[in-house]
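The residues making up each chain are set out below.
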Amino acid sequence: MRKPLVVANWKMNKDIAEGRDFCRRLLPLVDDCTGVDVAVCPAFTALAAVMAELERSGVFLGAQNLFWEERGAFTGEVSAAMLLDAGCSCVIIGHSERRHILGENDVMVNRKVGRALEAGLTPIVCVGETLQEREQGLAFEVVKRQLDVGLDGVYPGENELVIAYEPVWAIGTGVNASADDAQEMCGFIRGWLRHNRGEILADSIRILYGGSVKEANIRDFMAQSQIDGALVGGASLEAESFADIVRLVNND
Ligand code: PGA
């Protein structure tokens, strides 16, 4: 049985005070939700302060990116060891905004995933097609390539990796994928894992859906057998709406 996971991706939002305030409001609302894992991913600048709030809770801290080198002359980059030092246990890798705005490619994603695993951080690897790719019938081909290259040579232990299926056209648009389409792609991803990494791993890895997840649609996604949780952007910025999503997943 895979335990559901709900991840808040704050993107480039919230300073330290706002991050603290969010945690103080969130924690009392979700402290009895033992049937779901929860992670919060602030910007680098707020990691340590948010960790101080989360310390005595069961909520995990995650980062939104990392660099694959250990240290040195890499201006502007942050290492896995620095994330561990700040209290992170997971890290989002290959988010579509990084791919499309910052030019991150599958090879870079692959290096980051390898480094995160080596360091003991759980990578949350994002994959997903653009609207044009979906309309051209290329969605499965694109996701397959992202997995083939992004996870090349990556052999995680059971449940040491998370994959988030986030169709680019659904992110921040208010237009979510249908639960059926999300189920189909998450099933495809699990099939890739089964074929390339074996049954045991495929059954243990959590596959999340992301893209305009909110209180009103989370139940539909969680009713799907292949969907193990959600990566939430916009609806994770308010503690109350994020808590509602966590609570709905917990009751599933
Ligand atoms: P959204 O973002 O929930 O605002 O669509 C999801 C994400 O980018 O992870």
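On a predicted model such as this, the values are computed, not experimentally measured, just so you know. Counting from 1, residues in each chain are numbered in the order their sequence is written. In keeping with the predicted nature of the model, local features appear solely for residues at pLDDT of at least 70, side-chain atom pairs appear and are counted solely at 80 or more, and the whole-chain, interface and lining totals rest on all residues. The side-chain quantities take in all heavy atoms of the structure and omit both hydrogens and water.

Peer 1: Could you give an account of the overall build of the protein, with specific residues and numbers?
Peer 2: Within the protein one finds eleven helices and eight strands. Taken against the 2.2 N^0.38 rule, which gives 18 Å for 252 residues, the C-alpha radius of gyration of the protein at 17 Å falls within 12% of a compact globule. With the C-alpha coordinates of the protein rotated into their principal frame, the extents come out at 45 × 45 × 35 Å. A 1.4 Å probe rolled over the protein chains alone gives each residue an accessible area, and that area as a share of the maximum for its type sets the label: buried under 20%, exposed over 50%, partly exposed in between. Looking at the protein as a whole, 53% of its 252 residues are labelled buried. By definition in these notes, contact holds between two residues if any of their heavy atoms fall within 4.5 Å. Counting contacts in the protein only where the partners sit at least 6 residues apart, residues at least 24 apart contribute 74% of the total. Methods summary: accessible areas were calculated by the Shrake-Rupley approach with a probe of 1.4 Å, and residue burial reflects only the protein chains presented. Of the roughly 11,200 Å² of accessible surface on the protein, 50% is carried by carbon and sulfur atoms. Positive and negative charge centroids in the protein, built from 24 and 37 side chains respectively, lie 2 Å apart. The way it works is that DSSP assigns letters per residue, a run of H or I at least four long becomes a helix, a run of E at least two long becomes a strand, and they are numbered from the N terminus. Here the globule rule is a power law, 2.2 Å times the number of residues to the power 0.38, and the radius of gyration is based on C-alpha atoms. For this count, His and the chain ends are skipped, Lys and Arg are scored as positive, and Asp and Glu as negative. Lysine's charge is taken at NZ, arginine's at CZ, aspartate's at CG and glutamate's at CD.

Peer 1: Explain the packing of helix 5 (residues 106–119) against helix 7 (residues 139–150) residue by residue, including any values.
Peer 2: A fitted line through C-alpha atoms represents every axis, and for helices the fit uses only the stretch in contact; the resulting angles, taken between N-to-C directions, go from 0 to 180 degrees. One can describe the packing of helix 5 onto helix 7 by two numbers: an axis separation of 8 Å at closest approach and a directional angle of 45°. Relative to helix 7, the element helix 5 is oriented oblique. The crossing of helix 5 and helix 7 is right-handed. Across the interface between the two elements, Asp106, Val107, Val109, Asn110 and Val113 from helix 5 touch Arg145, Gln146, Val149 and Gly150 from helix 7. Residues that form the contact of helix 5 with helix 7 fall into these classes: four nonpolar, three polar and two charged. Any angle that is under 35 degrees is reported as roughly parallel, and any over 145 degrees as roughly antiparallel; angles of 65 to 115 degrees are reported as roughly perpendicular and all others as oblique. Crossings are assigned a handedness: left-handed for a near helix turned anticlockwise from the far helix by less than a right angle, right-handed for a clockwise turn. Under the scheme applied here, ten amino acids are nonpolar (Ala, Val, Leu, Ile, Met, Phe, Trp, Tyr, Cys and Pro), four are charged (Asp, Glu, Lys and Arg), and all others, including Gly, are polar.

Peer 1: Break down the packing of helix 7 against helix 8 (residues 179–197) for me, citing the residues and quoting the values.
Peer 2: Taken N-terminus to C-terminus, the directions of helix 7 and helix 8 make an angle of 40°; their axes are 11 Å apart at the nearest point. Comparing their axes, helix 8 and helix 7 come out oblique. In the crossing of helix 7 with helix 8, the sense of the turn from one axis to the other is right-handed. Contacts between helix 7 and helix 8 involve Ala139, Phe140, Val143, Lys144, Leu147 and Asp148 on the former and, on the latter, Glu184, Met185, Phe188, Ile189 and Trp192. Considering only residue class, the contact of helix 7 with helix 8 consists of eight nonpolar, no polar and three charged.

Peer 1: An account of the layout of surface pockets is needed here, citing residue identities and associated values.
Peer 2: Site definitions follow a grid-based scheme: protein atoms alone, a 1 Å grid, a 1.4 Å probe that fits but cannot get out for cavities, and for pockets an open set with protein on both sides within 12 Å along at least five of seven lines, plus lining residues having an atom within 4 Å of a point. Grid points are joined across faces, edges and corners, and a volume is the space filled by probe spheres set on the points. Its volume calculated, the largest pocket comes out at about 390 Å³. If you trace the largest pocket, you find 14 residues lining it, with Lys11, Met12, Gln64, Arg98 and Leu102 closest to the centre. Among the elements that make up the lining of the largest pocket, the one with the highest residue count is helix 4 (residues 96–101) (three residues). Its residues assigned to classes, the lining of the largest pocket comprises seven nonpolar, four polar and three charged.

Peer 1: Any details on helix 11 (residues 239–250)? Residues and values, ideally.
Peer 2: Given the number of residues in a helix, its expected span is that number minus one, multiplied by 1.5 Å. For helix 11, which comprises twelve residues, the first-to-last C-alpha distance of 16 Å matches the rise-based estimate of 16 Å (1.5 Å per residue) to within 8%. Summarising the contacts, the buried residues of helix 11 are in contact with strand 1 (5–9), helix 1 (16–30), strand 2 (37–41), helix 10 (218–222) and strand 8 (229–232).

Peer 1: I'd like a description of the environment of Ala52, backed by residues and values.
Peer 2: When you line up the elements, Ala52 lands in helix 2 (residues 47–54). Residue Ala52 is classed as partly exposed on the basis of its relative accessible area, which comes to 45%. Here the alpha-carbon distance between Ala52 and Arg20, two residues 32 residues apart in the chain, equals 8.6 Å.

Peer 1: Which residues make up the state of the cysteines, and what values go with them?
Peer 2: Put simply, a disulfide is two cysteine sulfurs that come within 2.5 Å. What the rule picks out here adds up to zero disulfides. Here Cys33 stays unpaired: no disulfide links it, and the sulfur of Cys23, its closest cysteine neighbor, is 15 Å away. By relative accessible area, which is 8% here, Cys33 ends up buried. Not part of a disulfide, Cys41 finds its nearest cysteine sulfur in Cys90, a span of 5.0 Å. Cys41 sits in the buried class, given a relative accessible area of 0%.

Peer 1: Please set out the side chain of Arg206 residue by residue, giving values where relevant.
Peer 2: Checked against the element boundaries, Arg206 lands in strand 7 (residues 206–210). For this analysis, a polar contact is any N or O atom pair within 3.5 Å, provided that within protein one partner can donate a hydrogen and the other can accept it, and provided that sequence-adjacent residues contribute only side-chain to side-chain pairs. At 2.9 Å, the side chain of Arg206 and the backbone oxygen of Lys3 are in polar contact. When neighbours within four sequence positions are excluded, Arg206 is seen to be in contact with Arg2, Lys3, Pro4, Leu5, Asp37, Asn159, Leu161, Val162, Ile163 and Asp228.

Everything listed here is a matter of geometry and, on its own, says nothing about what the molecule does.
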